Amino acid sequence: MPARVTWSQYRTSIGDRSGMFAALADEYPIDRVLYPGSYVDLSPSTAFRSVTYVDTDARAARFFADDEQIRAELAGRTRPGAGREVQFLAADYNRPLDIPDASMDLLVALYAGPMLDHTMRYLRPGGWLLANNSHGDAGLASLDPSCRLVATIHHRGDRYRLSPDGLADYLIPKRAPDADAGRIRATGRGIAYTKTAFAYLFQLN
Ligand SMILES: C[S@@+](CC[C@H](N)C(=O)[O-])C[C@H]1O[C@@H](n2cnc3c(N)ncnc32)[C@H](O)[C@@H]1O
């Protein structure tokens, strides 16, 4: 039996990202969310009605299998209408998932990629991609002509802020040769940028 881990425990190491998803929910019509490589980060369910979590880790599978625990962890933390559908796929996101193509409004790619080659297909046209630079997904998105940067995300502790300002100053590589999708795919390392944000929000054309 895998060790029992919970979102409340995990929050003590990564913080609570609920404020980031609340800021996204305030700004954009997002209903269905896909979070590959979620581990036990339940925070999107505080802001959105339907979230599908995907992970290969048995501890995540054990956490999401316990409906009572999920309800208890979300209690008192959800926005109206949020947290209704919490689905978990014990699956490798590099393989086809049991999810219709173009069915998701938001794809979350945080610290778990590079994943975009295999997961962008689930995002609907006009949908949003939230990616950070840790495992190269923000870099891959920045090199993809079908993705447009629409906001940056900043935080101080658990206080998150979405900014549409000065976007042209972001995603500028310190070294031109780093801006290479093949290198990112091979190394799983992001591009070093001249100006950084915690995460980047892209919109799919
Ligand atoms: C560093 S954790 C990050 C968890 C969470 N995204 C966060 O930001 O706190 C990476 C997670 O991605 C999962 N992961 C990595 N590769 C995966 C794959 N190919 N398919 C599904 N899950 C994967 C790992 O099992 C792990 O739980």
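Structure: above.
We now turn to the structure provided with this report. (Residues numbered from 1 in each chain as written. Predicted model: local features only at pLDDT ≥ 70, side-chain atom pairs only at ≥ 80, totals over all residues.)

1. Notes on the environment of Val40
Along the polypeptide, Val40 turns up in the loop between strand S1 (32–36) and strand S2 (50–54). Between the C-alpha atoms of Val40 and Ala61, which are 21 residues apart in sequence, the distance is 8.7 Å. (Helix = DSSP H or I, 4+ residues; strand = E, 2+ residues; numbered from the N terminus.)

2. What to know about the site of the ligand
Every one of the 17 residues lining the ligand counts as a neighbour, but Gly37, Tyr39, Asp57, Leu110 and Ala112 are closest to it. Broken down by class, the residue content of the shell around the ligand amounts to nine nonpolar, four polar and four charged. (Near = placed C-beta within 6 Å. Nonpolar A, V, L, I, M, F, W, Y, C, P; charged D, E, K, R; others polar.)

3. So, helix H3 (residues 58–65)
Because each turn of an α-helix spans 3.6 residues, side chains separated by three or four positions end up pointing in the same direction. Turning to H3, its buried residues are Ala60, Phe63 and Phe64. Axial view of H3: buried residues confined to an arc of 90°, hence all on one face. Opposite the packed face of H3, turned more than 90 degrees from it, sit the exposed residues Ala58 and Ala65. Buried residues belonging to H3 abut S2, helix H4 (67–74) and strand S3 (85–89). (Buried ≥ 20, exposed ≤ 12 C-beta atoms within 10 Å, placed from the backbone. Arc of directions from axis to C-beta. Contact = placed C-beta atoms within 7 Å.)

4. Observations concerning the sheet that holds strand S7 (residues 159–163)
Pairing in this open sheet of eight strands is mixed, and the strands run S3-S2-S1-S4-S5-S8-S6-S7 from one edge to the other. Across the chains shown, the open sheet's two edge strands, defined by having one partner strand only, are S3 and S7. Geometrically, the sheet is characterised by an average inter-axis angle of 20° between neighbouring strands, direction not taken into account. Here S1 runs beside strand S4 (residues 104–109); their pairing, made up of two bridges, is parallel. Residue pairing for S4: Leu34 is matched across the bridge by Leu107. Contacting strand S6 (147–156) and S7, helix H2 (residues 18–27) runs over the sheet at an angle of about 35° to S7. (Pairing = 2+ DSSP bridges. Axes fitted to C-alpha atoms, helices over the stretch in contact; angles between N-to-C directions.)

5. As for the pairing of S4
Most of S4 is tucked away: five of the six residues are buried. Where S4 and strand S5 (residues 123–131) come together, five bridges link them in parallel fashion. Across the sheet, the residue bridging to Val108 is Leu130, located in S5.

Everything listed is a geometric property; what it means functionally is a separate question.
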